[in-house]
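Observations on chain architecture
Below are the chains, spelled out letter by letter.
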Amino acid sequence: CFGLIISIEDISAVRAGRQSEGLRKYTDELLEGRCFSIIFKGRRKDLDLIASSDEEAKQWVTSLEKIMSNLNNLNCQQSFFSWIFNCLRKADKNCDSQLSLEELKDFLHQINIELDDLYAEDLFRQCDKSKSGYLSEEEIKTFYNLLTRRQEIDEIYAEYAKTTGFMSAENLLDFLIKEQKEEATLADANRLIDQYERDDKAKEKQLMTKDGFLMYLQMFEGLVLNPTHKAVHQDMNQPLNHYFISSSHNTYLMEDQLTGPSSTKAYIRALVKGCRCVELDCWDGSDEEPVIYHGHTLTSKILFRDAIKTIKDYAFKTSDYPVILSLENHCSVEQQKVMAKHMSSILGSALITTPLEDQMPTEFPSPEALKGRFLVKCKRLNKLEVYFTREAAAVNDDTLTEEEDEEEDEEQQKAKKCKKLKIAKELSDMVIYCKSVPFNGFQDAKDNLAFYEMASVKEGKAIQLAEESANCYIRHNVDKLSRIYPAGLRTDSSNFNPVPLWNAGCQIVALNVQTPCPNMDLNQGRFLVNGKTGYILKPAYMRDQMSEFDPITLTRGPWLQHKTLHIMIISAQQLPKVNQKKTSVVDALVKVEIHGVPADTAEKETVHIVDNGFNPMWNENFQFDVHVPALALVRFVVEDYNYAFDNELIGQFTLPFTSLQLGKLVASLCHLPVYRWVSS
């Protein structure tokens with residue numbers, strides 16, 4: 001018998017049934033109702049459990065989900081109170097509900113404050129009204145109030161609280177118009193008071209206290225992300241290739257490209273993050289069952305069938321919009337037939353197997369028209385026109401898959417001529433709007449390829465094209481889809497910068513989503529908005545076949561919409577420790593980065609504040625010039641300064657420039673900095 005303590009904050013999800021590879025492999029189908037899995041954040045191994053009955057398993061899953069939901073729905077102030085309480089509880093070593101001076105110092109270390117011993121003792125004496133040498137409940141409250149006083153908020157509140165020391169609705173409206181740059185009305189101000197003021201007496205008089213003001217600043221109305229952009233707000237009826245599409249490379253891998261595990265959990269992770277294009281590397285398996293793994297490496301294998309089941313279950317949890325199944329097909333004809341059978345039986349009518357149109361289409365259907373559907377990207381034996389001309393005779397396309405074409409040198413290709421891959425008709429017939437073909441240049445594509453014929457290009461070649469022929473690439477992508485994937489040398493599953501490829505209009509820029517890094521932050525920031533659908537509409541000048549836009553030369557045109565971004569970094573609160581040593585305290589600094597066309601790319605940073613991760617203040621002003629705002633991303637980064645080594649990342653937040661709210665004073669970005677910004 002053993003005890004296991006799990007923090008609810010460490011749990012990412014709870015999944016009912018035999019959904020993990022371990023449960024599917026080692027338990028009988030009869031136990032389906034008794035099984036459930038706890039999925040942890042980070043790289044901690046998941047926990048598979050079997051309850052004594054179906055009802056007990058259901059109670060566990062339902063209860064854990066309810067607790068997690070309540071925790072996730074805490075506002076910033078409630079989260080702060082919960083965190084402070086937990087730190088106080090840990091500091092109270094003898095559990096007597098009092099704090100000694102030594103316990104107080106331990107508490108300060110936990111919340112990331114390094115105080116001089118004399119100052120800490122002075123603070124302790126101020127609060128120890130009973131002169132007992134301990135802080136009791138009321139004295140701890142006094143200490144807490146001293147500690148959490150927000151001078152920067154006090155000053156702003158005092159500037160506008162002109163009604164007997166409180167904010168009236170008129171005062172709040174003045175703040176909303178002058179500071180928040182909102183087109184607000186008195187009714188809006190009254191609504192905010194009703195919603196966020198916790199003092200009933202103040203609310204009756206339509207007044208907002210300082211606590212109510214702070215509560216408002218910490219809710220979504222005060223966030224830097226425009227709340228209207230959190231929902232679907234773009235036109236979803238344009239052709240599919242007119243959107244940037246959130247995409248994953250070698251989706252099945254949990255870690256590196258050589259020895260790491262393959263898992264259906266990797267597909268869940270990618271789909272829940274909003275990926276709309278996932279990759280399946282398919283190889284012949286035993287018992288006539290195709291498998292997925294990174295061929296010719298030591299990565300583990302999963303069944304193709306299990307991957308398709310998982311994709312079906314999780315494809316539309318985050319987004320209702322279409323999922324592209326990018327098949328890297330290395331299977332024999334017989335096992336390709338098995339692949340087709342599994343996709344047909346598992347995905348059913350959601351799988352696109354015929355064109356949506358009654359006549360030969362000339363462009364892609366829209367994401368809206370493809371809602372809830374799956375598209376197969378693979379090679380095809382013939383043209384799509386056969387559906388409308390009745391000329392169904394297949395021309396065998398006996399070629400290597402396109403990623404092999406790109407990654408192998410000439411000698412390797414010669415050596416493999418005798419191993420060319422044949423395509424099963426059953427699989428070929430499932431390829432409708434995403435037929436894989438080699439890339440032989442922009443002119444060849446314009447002259448010889450139909451709109452549904454698309455190429456996958458390795459990052460090095462794609463970046464070269466984006467730098468040397470950006471306008472040609474943009475025009476190419478007005479008609480067709482382009483997929484870009486990482487170089488084979490990225491065996492550590494690192495990622496390239498997707499921004500130059502988006503600047504060239506490339507839609508499917510596939511990254512290794514299992515690897516957190518600045519380039520993945522940019523990807524998540526790009527697809528943060530529009531309801532996290534995984535589809536972001538490209539600017540109009542990137543959807544025009546006659547477009548003259550070139551992100552490198554940046555000639556005059558409708559893309560030039562110069563904006564000046566002014567940011568004041570004011571303060572941050574409750575920054576978590578990266579270095580978990582007891583004596584370690586954060587030396588906090590903030591960076592602001594602009595990512596977009598080369599002319600807009602820039603970075604600025606504050607000084608570092610020594611030994612204060614609890615409430616550091618900077619009050620520093622930055623200014624950026626942004627020429628092509630529609631393609632720009634803004635990344636806020638908080639780091640722990642290290643003079644000897646690289647700074648350690650504490651947190652970051654990335655969003656599109658066009659999704660910034662004007663003039664926002666942000667009291668908290670879930671432990672990220674307070675700042676103001678204006679744009680003109």
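The coordinates are above.
These remarks concern the structure in this document.

Cut-offs applied
- Residues numbered from 1 in each chain as written.
- Predicted model: local features only at pLDDT ≥ 70, side-chain atom pairs only at ≥ 80, totals over all residues.
- Heavy atoms only, no water.
- Buried < 20%, exposed > 50% of the residue type's maximum accessible area, 1.4 Å probe, protein only.
- Helix = DSSP H or I, 4+ residues; strand = E, 2+ residues; numbered from the N terminus.
- Pairing = 2+ DSSP bridges.
- Axes fitted to C-alpha atoms, helices over the stretch in contact; angles between N-to-C directions.
- Salt bridge = Lys/Arg side-chain N within 4 Å of Asp/Glu carboxyl O.
- Arc of directions from axis to C-beta.
- Contact = heavy atoms within 4.5 Å.
- Patch = residues over 30% accessible without salt bridge, like charges linked within 9 Å, V, L, I, M, F, W, Y side chains within 5 Å.
- Areas by Shrake-Rupley, 256 points an atom, 1.4 Å probe, with all protein chains shown as cover.
- Lys, Arg positive; Asp, Glu negative; His and termini not counted.
- Charge placed at Lys NZ, Arg CZ, Asp CG, Glu CD.
- Core = buried A, V, L, I, M, F, W, Y, C linked by side-chain atoms within 4.5 Å.
- Phe/Tyr/Trp six-rings, centres within 6.5 Å; stacked < 30°, edge-to-face > 60°.

1. Examining the pairing of strand β15 (residues 508-511)
- Side-chain alternation along β15 places Ile508 and Ala510 on one buried face and Val509 and Leu511 on a second face that is also buried.
- Across 4 bridges, the pairing between strand β6 (residues 243-248) and β15 is parallel. Bridging across to β15, Ile245 finds its partner in Ile508.
- Pairing of strand β14 (residues 482-485) with β15 involves 2 bridges; the strand directions are parallel. When the sheet's bridge partners are listed, Ile484 is paired in β15 with Val509.

2. Examining the sheet that holds strand β21 (residues 633-640)
- Across the sheet, which stays open at both edges, the 4 strands sit in the order β19-β18-β21-β22 with antiparallel pairing between neighbours. A strand with exactly one partner marks an edge of an open sheet, and here the two such strands are β19 (602-605) and β22 (648-656). Each strand axis lies, on average, 15 degrees off the axis of its neighbour in the sheet, ignoring direction.
- Alignment of strand β18 (residues 588-595) against β19, held across 4 bridges, turns out to be antiparallel. By the bridge assignment for β19, Val592 is matched with Lys604.

3. Observations regarding the pattern of salt bridges
- Applying the stated criterion across every chain, the model contains 20 salt bridges.
- A salt bridge links Asp46 to Lys265; the nearest nitrogen and oxygen atoms lie 2.8 Å apart. You can see Asp46 sitting in the loop between β2 (35-40) and β3 (47-50) and its partner Lys265 sitting in helix α12 (residues 264-272), a full 219 residues away along the chain.
- For Asp46, a relative accessible area of 21% corresponds to the partly exposed category.
- Looking at Lys265, the relative accessible area reads 25%, which means it is partly exposed.
- Note that Arg635 and Asp521 form a salt bridge whose closest N and O atoms lie 2.8 Å from each other. Remark: Asp521 occurs in helix α23 (residues 518-526) and Arg635 occurs in strand β21; sequence separation between them is 114 residues. For the pair formed by Arg635 and Asp521, the shared burial category is buried.

4. A few points about helix α9 (residues 186-196)
- If you check which residues of α9 are buried, you get Ala189, Leu192, Ile193 and Tyr196. For α9, the buried positions fall inside an angular range of 100 degrees around the axis, keeping them on one side.
- In the core, the buried residues of α9 are packed alongside β4 (167-168), α8 (169-178), α10 (200-204), β5 (207-208) and α11 (210-218).

5. Topic: a negative patch on the surface
- Taken together, the side chains of Asp199, Asp200, Glu204 and Asp211 define an acidic patch exposed on the protein surface.
- On the basis of relative accessibility, which here comes to 53%, the residue Asp200 falls in the exposed class.

6. With respect to the nonpolar core
- Core analysis: the largest hydrophobic core is formed by 63 residues, its most contacted members being Tyr473 and Phe549.
- By size, the runner-up hydrophobic cluster in this structure holds 33 residues, among which are Leu271, Cys282, Val323 and Met343.

7. Concerning the sheet that holds β2
- In space, the 3 strands of this open sheet follow the order β1-β2-β3, with antiparallel pairing throughout. Of all strands in the sheet, those with a lone pairing partner are β1 (11-16) and β3, marking the two edges. Sheet twist, expressed as the average angle between the axes of neighbouring strands with direction ignored, equals 20 degrees.
- For β2 and β3, the ladder comprises 4 bridges, and the chain directions are antiparallel. Bridging across to β3, Ser37 finds its partner in Asp48.
- Contacting β1 and β2, helix α2 (residues 54-72) crosses the sheet at an angle of about 150 degrees to β1.

8. Topic: unusual backbone geometry
- Notably, Gln206 is not glycine yet its phi reads approximately 55 degrees, a positive angle.
- When you line up the elements, Gln206 lands in the loop between α10 and β5.
- Gln206 sits in the partly exposed class, given a relative accessible area of 24%.
- Unlike most non-glycine residues, Asn619 shows phi in positive territory, near 55 degrees.
- Residue placement: Asn619 occurs in strand β20 (residues 617-626).

9. As for α8
- If you check which residues of α8 are buried, you get Ala169, Asn171, Leu172, Leu173, Phe175 and Leu176.
- Of the surrounding elements, those touching the buried residues of α8 are α7 (151-160), β4, α9, β5 and α11.

10. Regarding the packing of aromatic side chains
- By the definition in use, this model includes 19 aromatic pairs.
- An angle of 55 degrees between the planes, with centres 5.1 Å apart, marks the rings of Phe442 and Tyr473 as tilted. On the criterion of sequence distance, the pair formed by Phe442 in helix α19 (residues 442-448) and Tyr473 in helix α21 (residues 470-479) is long-range, its members being 31 residues apart.
- Judged by its relative accessible area of 1%, Tyr473 is buried.
- Here Tyr541 and Phe549 contribute two aromatic rings whose centre-to-centre distance is 4.9 Å and whose plane-to-plane angle is 55 degrees, an arrangement assigned as tilted. This pair shows no difference in class: Tyr541 is buried, exactly as Phe549 is.

11. As for the side chain of Asp128
- Residue placement: Asp128 occurs in the loop between α5 (117-127) and α6 (137-148).
- It turns out Asp128 is buried and unbridged, and the closest side chain with the opposite charge, Lys131, is 6.6 Å from it.
- With residues near it in sequence (within four places) discarded, Asp128 still touches Gly133, Tyr134, Leu135 and Glu139.

That is the geometry; function is a separate question.
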